Amino acid sequence: MTRNLFVILSFLVGSTFALPAPLVAQGDLAKLIQELGDPKDSQLRYAAYRKLLATKPPKAMPLLVKALPGFSVNAVSLAMSLMQSYPRDISQPALRKLVTCGNPVVEIGSATILHRYGDKSQGERIARLLREAPVDYQTRQLMLSRLSYLKDPGVQDAVRAWIRPGIKRQALDTVLYPLLPVEDAGAADAVQKLLDEGNKDA
C-alpha cells in the first residue's frame, strides 16, 4: 500500500505539479529585448527569442513596442513570431500601437496578425503599405512573407501589382508566395501577360 502511494505521488509531482517557467526580472527582460533586436548576431537573437517564448512575460510588450521600430528586418521577423505566440488580450493592444510606428515591416507584420485575429479592416492598411513599400528586395521579401494564406481581395490586388515587366525571377517567386496558397485568380493571368510580353521582345 505504502509503495503504491509513493508511486502515485511521484507521478503527480512529475506531471500535474510541474513547476512553472521562472519569471524574468525586469533588468533581464530589457537585456533580452535588446538581444532579440541584435542586428548582427543571429544566434544571440534566437537564444533571446527562445527564452522569451518559454516565459511569455507580459511586461515584455511595452518594451517591444518601444524597441521594435528600430529592429533590423531579420530581427523583426522573430519579434513578430514572439508577439503572435502571446494570448490575444496581451498582444493586441501592443499590435495596435505598432501599426502606426513608422517602420513599414513592423506595421505590416502587426496589421497582418490583427487581420488574422479577425480585424478585416486591417486589409486596407496592408494594401496601402504594399503600394508604398520600399523597393529593396529584402524589405519586400519580409513584408510578403507575413502574408501567406491571407485572403483579402485588396491585399491580393496590391501584391499582384508587383508582377510587372522587368521583374526578376527571384522577385517574382517572392511575389507569388502569398498569392498561390489563396489561389489568386489574377496571378496566373499576370504571369502569362509577362510571358507574352517577353515573347514579343524576343
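These notes cover the structure that comes with them.

Across its full length, the protein carries 12 helices and 0 strands. Taken from the N to the C terminus, the helices and strands of the protein come in the order α-α-α-α-α-α-α-α-α-α-α-α. Out of the 202 residues in the protein, the part that is buried amounts to 40%. As displayed, the protein offers around 12,000 Å² of accessible surface, 57% of which is attributable to carbon and sulfur atoms.

Those residues of helix α10 (residues 153-160) that sit buried are Val 155, Gln 156, Ala 158, Val 159 and Arg 160. Its side-chain oxygen at 3.1 Å from the backbone nitrogen of Gly 154, Asp 152 defines the N-terminal cap of α10.

Buried residues of helix α4 (residues 60-67): Ala 60, Met 61 and Leu 64, and no others. For α4, the buried positions fall inside an angular range of 95° around the axis, keeping them on one side. In α4, those exposed residues whose orientation departs by more than 90 degrees from the buried face are Pro 62 and Lys 66.

This brings us to the nonpolar core. In this structure, Leu 36, Leu 68, Met 83 and Leu 130 are the most contacted members of the largest nonpolar core, which totals 54 residues. No other element matches helix α5 (residues 73-85), which puts 8 residues into this core. The residues touching Met 83, leaving out its near neighbours within four places in the chain, are Met 61, Leu 64, Leu 68, Ser 91, Ala 94, Leu 95, Leu 98 and Tyr 117.

Rules used in this analysis
- Residues numbered from 1 in each chain as written.
- Predicted model: local features only at pLDDT ≥ 70, side-chain atom pairs only at ≥ 80, totals over all residues.
- Heavy atoms only, no water.
- Helix = DSSP H or I, 4+ residues; strand = E, 2+ residues; numbered from the N terminus.
- Buried < 20%, exposed > 50% of the residue type's maximum accessible area, 1.4 Å probe, protein only.
- Areas by Shrake-Rupley, 256 points an atom, 1.4 Å probe, with all protein chains shown as cover.
- Polar contact = N/O pair within 3.5 Å; in protein donor to acceptor, adjacent residues only side chain to side chain.
- Arc of directions from axis to C-beta.
- Core = buried A, V, L, I, M, F, W, Y, C linked by side-chain atoms within 4.5 Å.
- Contact = heavy atoms within 4.5 Å.

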